[in-house]
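Structure at a glance
If you want the building blocks of each chain, they are given just below.
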Amino acid sequence: MISDDLLPRETPVQLIDEHGTAVSDPRYAPPSTERLVEAYRALVQGRRVNDQCSALVRQGRLAVYPSSHGQEACQVAAALALGDDDWLFPTYRDSVAVIARSVDPAQSLVLLRGDWHSGYDPKEFHVAPQATPLATQLLHAVGFAHAATLRGEPTVVLAMCGDGATSEGDFHEAMNFAAVFHVPVVFFVQNNEFAISVPLSRQTAAPSLAHKAIGYGMPGERVDGNDVAALLAVLDTAVERARSGGGPSLVEAHTYRMQAHTNADDDTRYRAREAVQAWVERDPLTRMQAHLRGAGAIDDEAEAVFAAEAEQVATALREAMNAEPELDPEDLFRFVYAERTPQLESQWRMLRDELDRAAMAGTTAGATSPGATEGAR
Amino acid sequence: MISDDLLPRETPVQLIDEHGTAVSDPRYAPPSTERLVEAYRALVQGRRVNDQCSALVRQGRLAVYPSSHGQEACQVAAALALGDDDWLFPTYRDSVAVIARSVDPAQSLVLLRGDWHSGYDPKEFHVAPQATPLATQLLHAVGFAHAATLRGEPTVVLAMCGDGATSEGDFHEAMNFAAVFHVPVVFFVQNNEFAISVPLSRQTAAPSLAHKAIGYGMPGERVDGNDVAALLAVLDTAVERARSGGGPSLVEAHTYRMQAHTNADDDTRYRAREAVQAWVERDPLTRMQAHLRGAGAIDDEAEAVFAAEAEQVATALREAMNAEPELDPEDLFRFVYAERTPQLESQWRMLRDELDRAAMAGTTAGATSPGATEGAR
Amino acid sequence: MTMLETRKSETAHPARPAPSGPPAPEASVLTMAGAINRALADELAADDSVLVFGEDVGALGGVFRVTDGLTARFGESRCFDTPLAESGIVGTAIGMAMNGMRPVVEMQFDAFAYPAFEQVVSHAAKMSNRTRGAVHLPMVIRIPFGGGIGGVEHHCDSSEAYYVHTPGLTVVCPATPQDAYTLLRAAIHHPDPVVFLEPKKLYWSKAPVDTTAPVDAAEIGRARVVREGTDATIVTYGASVGVALDAAAVAETEGRSIQVVDVRTLTPCDDATIFEAVRATGRAVVVAEAPGFASVASELAARIGEHCFTHLEAPVRRVTGFDTPFAPPKLERHYLPDVDRVLDAVDSLHWED
Amino acid sequence: MTMLETRKSETAHPARPAPSGPPAPEASVLTMAGAINRALADELAADDSVLVFGEDVGALGGVFRVTDGLTARFGESRCFDTPLAESGIVGTAIGMAMNGMRPVVEMQFDAFAYPAFEQVVSHAAKMSNRTRGAVHLPMVIRIPFGGGIGGVEHHCDSSEAYYVHTPGLTVVCPATPQDAYTLLRAAIHHPDPVVFLEPKKLYWSKAPVDTTAPVDAAEIGRARVVREGTDATIVTYGASVGVALDAAAVAETEGRSIQVVDVRTLTPCDDATIFEAVRATGRAVVVAEAPGFASVASELAARIGEHCFTHLEAPVRRVTGFDTPFAPPKLERHYLPDVDRVLDAVDSLHWED
Ligand SMILES: Cc1ncc(C[n+]2csc(CCOP(=O)(O)OP(=O)(O)O)c2C)c(N)n1
Ligand SMILES: Cc1ncc(C[n+]2csc(CCOP(=O)(O)OP(=O)(O)O)c2C)c(N)n1
Ligand SMILES: [Mg+2]
Ligand SMILES: [Mg+2]
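So, how was this worked out
Residues numbered from 1 in each chain as written. Chains lettered and ligands numbered in written order. Predicted model: local features only at pLDDT ≥ 70, side-chain atom pairs only at ≥ 80, totals over all residues. Heavy atoms only, no water. UniProt positions renumbered as here; feature names shortened; annotations may be inferred. Helix = DSSP H or I, 4+ residues; strand = E, 2+ residues; numbered from the N terminus. Rg over C-alpha atoms; globule rule 2.2 N^0.38 Å. Buried < 20%, exposed > 50% of the residue type's maximum accessible area, 1.4 Å probe, protein only. Contact = heavy atoms within 4.5 Å. Areas by Shrake-Rupley, 256 points an atom, 1.4 Å probe, with all protein chains shown as cover. Lys, Arg positive; Asp, Glu negative; His and termini not counted. Charge placed at Lys NZ, Arg CZ, Asp CG, Glu CD. Salt bridge = Lys/Arg side-chain N within 4 Å of Asp/Glu carboxyl O. Donors = N, O, S within 2.8 Å, 3.2 Å for Na, K, Ca; no water. Near = heavy atom within 4 Å. Polar contact = N/O pair within 3.5 Å; in protein donor to acceptor, adjacent residues only side chain to side chain. 1 Å grid on protein atoms, 1.4 Å probe; cavity = no way out; pocket = protein on both sides within 12 Å on 5 of 7 lines; lining within 4 Å. Sits in = over half its atoms within 2 Å of the grid points. Nonpolar A, V, L, I, M, F, W, Y, C, P; charged D, E, K, R; others polar. Domains from an automatic or database assignment. Buried area = accessible area lost by both parts, 1.4 Å probe. Disulfide = S-S within 2.5 Å.

Named according to an unreviewed UniProt entry, chain C is 3-methyl-2-oxobutanoate dehydrogenase (2-methylpropanoyl-transferring) originating from Agromyces agglutinans.

An unreviewed UniProt entry annotates chain A as Pyruvate dehydrogenase (Acetyl-transferring) E1 component subunit alpha of Agromyces agglutinans. In its Cofactor (unreviewed entry) section, UniProt records this for chain A: "thiamine diphosphate".

To continue, consider the overall build of chain C. Secondary structure summary: chain C contains 13 helices and 14 strands in total. Its C-alpha atoms give chain C a radius of gyration of 19 Å, within 12% of the compact-globule value 20 Å for 353 residues. The dimensions of chain C, computed from C-alpha atoms along their principal axes, are 65 × 45 × 45 Å. Counting all 353 residues of chain C, 77% fall into the buried class. Relative to all contacts within chain C whose residues are 6 or more apart in sequence, the contacts with residues 24 or more apart total 82%. Carbon and sulfur atoms make up 51% of the accessible area of chain C, which totals about 8,600 Å². Mean positive and mean negative side-chain charge positions of chain C (29 and 46 charges, respectively) differ by 1 Å.

We now examine the pattern of salt bridges. Going through the model one piece at a time under the given rule, you end up with 112 salt bridges over all chains. In this structure, the salt-bridge partner of E76 of chain C is R202 of chain B, at a minimum N-O distance of 3.1 Å. In this pair, E76 of chain C sits in the loop between α3 (70–74) and β3 (79–81) while R202 of chain B sits in the loop between β5 (198–199) and β6 (220–224), so the two residues belong to two different chains. With a relative accessible area of 46%, E76 of chain C lands in the partly exposed category. Judged by relative accessible area, R202 of chain B falls into the partly exposed class, the value being 22%. Put simply, E299 of chain D and R303 of chain D hold a salt bridge, and the shortest N to O gap is 2.6 Å. Of this pair, E299 of chain D and R303 of chain D both sit in helix α11 (residues 296–307), four residues apart, which is roughly one turn of the helix.

Time to look at the coordination of the magnesium ion (ligand 3). By definition of the ideal shapes, a tetrahedral metal site with four donors has angles of 109.5 degrees and an octahedral site with six donors has angles of 90 or 180 degrees. Residue and element names in this part refer to chain A. Here the magnesium ion (ligand 3) is held by the protein donor atoms D163 (OD), N192 (OD1) and F194 (O), which lie 2.0 Å from it. Counting the intervening residues between successive donors of the magnesium ion (ligand 3) yields the motif D-x28-N-x1-F. In this pair, D163 sits in the loop between β2 (157–162) and α9 (169–181) while F194 sits in strand β4 (residues 194–195), placing the two residues 31 residues apart along the sequence. D163 gets classed as buried once you look at its relative accessible area, which sits at 1%. The class for F194 is buried, based on a relative accessible area of 11%.

Taken together, 22 residues sit near ligand 1, with Y92, R93, D163 and N192 of chain A together with E86 of chain D positioned nearest. Per-site note: the chains with residues close to ligand 1 are chains A, C and D. A distance of 2.8 Å is found between an oxygen atom of ligand 1 and a backbone nitrogen or oxygen belonging to F194 of chain A. If ligand 1 stood free it would expose 590 Å²; the protein chains cover 99% of that surface. Applying the majority rule of atoms within 2 Å of the grid points places ligand 1 in the largest cavity. Each residue belonging to the shell around ligand 1 can be placed in one class, and the counts come to ten nonpolar, six polar and six charged.

Residue and element names in this part refer to chain C. Assigned domains within chain C: domain 1 (28–219) and domain 2 (222–347). Summarising the inter-unit geometry, the C-alpha centres of domain 1 and domain 2 are found 25 Å apart. Domain 1 puts 29 residues into the contact, and the matching count from domain 2 is 23 residues. Both sides of the domain 1 and domain 2 interface together cover about 1,900 Å² of buried area, and 52% of this is carbon and sulfur. Its largest share of buried area at the contact with domain 2, domain 1 owes to E160, C173 and E219, together 23% of the area lost on that side. At the surface where domain 1 touches domain 2, the tally comes to six salt bridges. Notably, a salt bridge pairs D179 with R264, separated by 2.6 Å at the nearest N-O pair. Between domain 1 and domain 2 we count twelve residue pairs in polar contact (both at pLDDT 80 or more) in total.

This paragraph deals with the state of the cysteines. The bond known as a disulfide is covalent and runs between the sulfur atoms of two cysteines. Counted by the stated rule, this structure contains zero disulfides over all chains. The thiol sulfur of C74 of chain B is not disulfide-bonded, and the nearest other cysteine sulfur, from C161 of chain B, lies at 12 Å. The structure places no disulfide on C269 of chain C, whose sulfur is separated from the nearest cysteine sulfur, that of C308 of chain C, by 11 Å.

On to the coordination of the magnesium ion (ligand 4). Bound to the magnesium ion (ligand 4) are the protein donor atoms D163 of chain B (OD), N192 of chain B (OD1) and F194 of chain B (O), situated 2.0 to 2.1 Å from the metal. Donor residues for the magnesium ion (ligand 4) sit on one chain with the sequence pattern D-x28-N-x1-F.

Contacts between the two partners involve 54 residues from chain A and, on the opposite side, 49 residues from chain D. Counting across the interface, chain A meets chain D through six salt bridges. The residue D344 of chain D makes a salt bridge to R357 of chain A at a minimum N-O spacing of 2.5 Å. Remark: the boundary between chain A and chain D carries twelve residue pairs in polar contact (both at pLDDT 80 or more). Those elements that place two or more of their residues in the side of chain A that touches chain D are α6 (110–113), α14 (331–334), α15 (342–360) and α16 (370–376) of chain A. A total of seven residues in the side of chain A that touches chain D trace back to one element, the largest contributor, which is α15 of chain A. Here the residues of the side of chain A that touches chain D sort into 28 nonpolar, 13 polar and 13 charged.

This part takes up the side chain of D227 of chain B. Residue and element names in this part refer to chain B. Topologically, D227 is positioned in the loop between β6 and α10 (228–243). Although D227 is buried, it makes no salt bridge; R287 carries the closest opposite charge, 4.6 Å away. Engagement of the side chain of D227 in a polar contact is seen with the backbone nitrogen of A229, the distance being 3.0 Å. A polar atom in the side chain of D227 sits 3.1 Å from the backbone nitrogen of A230. Beyond its immediate sequence surroundings of up to four residues, D227 is in contact with Q14, L15, I16, A73, R287 and M288.

Structure (structure tokens):
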């Protein structure tokens, strides 16, 4: 019966266990050691970026940061599973994946810093803008892949979302459109057990999120989300299936959000410290480190190189975030339409006039606070 | 593994085959002959109502009618599976089910006749207004059932939708909310193979619609939608599960839309006559008739009684539809809010004033055609 | 359900010539539905990246037959049916537009576009702005809108206010077969998302349509005076243009000269044409089917009030749908702005002064 | 993502006394968030059919802490988290209201209410009308709205125009902690669906709140003059009320006496109070954060223009958000109507005449 192929396994695919020991799997061969070293390097960098960003928030240089600390294996695998011409459709939490797709970290943080709504050119990096409205980007991913298919291009699209986002109607519609049109999309759900404060048990009563796949006629797979080897193996397979005309699939990664939803969140209100603590042992970095050390693939020297590289990225990021970019208020009107409408032109003239008057009155450029107002008038 | 219980069978449950022969089933006992006779009687009436309504459309007495001709077994079973205190949440195509819940046929047709948006008091019959925006009513059903559960009432809610409607986001959200809150709802999908012109294969790539259930953690079942015995058995079980705290379930009935989507539709554009013809043999009425005749449960006399009853209903319906009810334009303003707002009051005054002037000018009540205008001024 | 009273409407709405001058010799007489079909076909033929999809647009040709024959002519990959999910339709159209296509999607009826609201408002409207213009979305969302066809609940909404209020959208509404053709082609060429509102009531209205003129991007954003007049100006769009013209004809018999402006593009608004027209007469009535509160009619009245203040002899009057849900078929004639109601509004324009 | 700059806002918005007279002796000083929390608690305590649900409203107490402590006090069955699906939240609330409950649901941010749009517009707004009043839906949809908190994209929309344009909805917007308390209780008692818009910027503004007065249903639909003045009238609501009062204070130092009307209920609109206020001064400015095109501000301007025409010395001016997507945090100060912009509008009211 067809459905059996579509159901996920009872336990998530794992290729390297929590102690770094390889586990053999009947279906998935482990990635090459070379690839794992590359992944580990990206993990180290991803962790460093996450922690740097959290620090920047504490210092007030970044408005908000939804950290993927603890989920770096998912982030890295999502980026590495794709070829250069493939596209990634990430969410607000996927900055590390975006950076791993070689977007400049500072550009990737433009949204969270508050300078603009997105900071990189999607077409340059083949990375869609990080999506905030949950699950909406999954449909964009499906349409994007559909367009590629219609033109006969081999593009594969990997679309990310969280466990909470699977409850949205758009998740359903995206899965269904993808399956009906048989388009090359890999739906990659990072099940980190929480949607802000809401635990998975309040999100679904399903045996697993991957069990949703059969309802669309696509295969679902579950994978240890803190095992970058397993993630790479499973995502590689899914990407390969998609590329070779095998259609979409759903991959659910079991991981855990180690920090609060964002810096603004207080996760002590809804989860016990011990629950979080239990996942420290499953950390994706220490596990891969132990494995690669055990395999003799990395040594102190290699680690020092990786750490130094990561530190460089962090330093560059810090510096970029400490510089205060000159923002142009006219930008508010520049990109709403390809051609500025007469209404927007006149609204900009009004603002420019205000700014000119404020400048003449010696106040700083920009609309002014009530106190400064009187002077300006 | 839990999931096995949640998957539907490979073939739909059938208790009486196309020739009227009983088929034994490992899980579902056949309903009592008494119940089947009652169902047959309702089938005869439902068919008569469907055909009467189609005739009324041809005669211009009804604006539009989406017929459930061929789907009467589903309609009847949905109504009979519920107790008096249970609630039905039907769609535009489910007039026969609504009538089988003892709503006056003429009242049930108010929407389709164009007099008002709905014609019966939902609270009197425990039937929600027939829903037009697809899948939206499924959420109402879930909330309704949730409220009952919170108050400790034993209400079960049966919510209907078509195969096409399962593609909407609201279907997904309703299934998920129902499962997470474990509420007593039976989702009853009439898979009639078409959503207007779009065939099932364009709606889903899933092995069956019932395979969606496992993705929410509820059981899914498939049933022959033209076998009222199987439908009753399966729906009874689902209703009983819901009532006894077993939570929601999804029942997919395999049936066929024998006529065009509505009278306004031209189904020759998208399906072959032979495809339709093939389903004539699976007609829900002839099958049950053969079965009950074979079992000696009905005879010519009983059939004549049923036919006469159905004819009475049709006659009453015809008469009601031929009478032109007096519609009150003030109704436009009466029910928008519990208390009429000052704005609506002044808008009504404007309309009333127009009507008064038109009446004085001797034209018929109501806003007037351009020709009549001049006279009225 | 799909309520198709095409037969009814076919006769109810007399042909009215396209207001853009005398038809070219090449012009053929088309219904508005036919003109839209022709525009789609011409764009599908001209540009491989144009795609048409939605519910029942394939074999059936759409419930209004607007896409009739397109799948047969251009194949399943250019014009196709989707699963029944409007957010899915608009959301995937966004993805297609991100990837070089020019999707033209159909919402079956206005109220059935609401499930797509988040995709329209939070993405279609904002993607260009979000990406600093790096990602434009050249897509068209066709929405049959308005009443006048005896449709049941949810089949006659006038939802334009929701779209015009949303920055980033361009909202277009033709009132003639010619404009339907001209504006739809321009909309498909437009670099930004266009909500293209098709007055259902006019689908079977007929007029000569010139399909030979080159596509003119500037047609979007251009209002048009469709009847000259000196005493008062009616500003309107869509199916109400016909009502306004009928009212103007009646007013003429009463000695009043009424100018009629067809707005054509709701956003961006052609202030210049509208203000000039109103200033010339000093009196204005805005007519639209939608509920009046916070509507396009409100905006037109407010702008005219603000920018033509010193020219106005009377308050700007609005004739709109009531602030109630759309009427059931049998009461719809009371709901829709009609000639009488427009004339009453004209009468109220402080003529005694 | 959830962008919570509560610390920032906490200090930015000085307390402003409730305009409804001197606080009763029982009044305690509450933030607006606290006042809403109190109203919810008081209603949960008073009426078993009141339920509170939405995303993160349970253990977390909502991302703005508005539902803080309600689950602990009233239990999981009275205040609970739902799966993450807004159409699901509103759709099930409709079903609950059909079955005797009075659900109060929270949309986490304004833009995240859009997935529920169809349920709001096609059902919540129309159920009573559809059923000839047989089925009323006493439900409240709470939506934190507007900017001023440095929120990123999708977290600062002002979406009121979409709701006020929809017949069947009642739309309420408090500007003070007292009104938040008073109006929310009235909204929960209201027989029809109420969209309750909570200005995010004011969540941490503090003022004395009297929680002892009996619930007064008539508070809904009642505007209020919150500052007397004789030269011009500012008509506004929500967070802009504070801007208007600040502008009026500055104007006073310049010798101009500005009246300020807080509309409080956007639909139904309290024409009587608004028109009386405008007629008294002969000049009007409407202030609101939302993009101006086809907005609440348009409606107010259009109505005032129509009904106060002969009293107006100058065109009604609108000070609104630009017709662009909401600005990113670092540019938001340019986007939002501020004191200067309001004063410029006042300056333009033809004083030379
Ligand atoms: C449509 C929509 N509703 C609500 C929100 C507010 N919100 C932001 S993140 C979030 C939780 C998301 O959880 P999940 O999908 O599991 O992703 P995670 O944050 O765990 O990565 C919520 C409710 C949103 N961004 N979009
Ligand atoms: C949200 C929404 N979108 C579109 C429509 C228009 N429409 C009415 S019926 C229909 C097909 C429904 O198919 P299905 O769910 O299979 O039910 P059936 O008509 O076969 O009973 C469509 C597209 C609608 N009513 N609601
Ligand atoms: Mg999560
Ligand atoms: Mg169907």
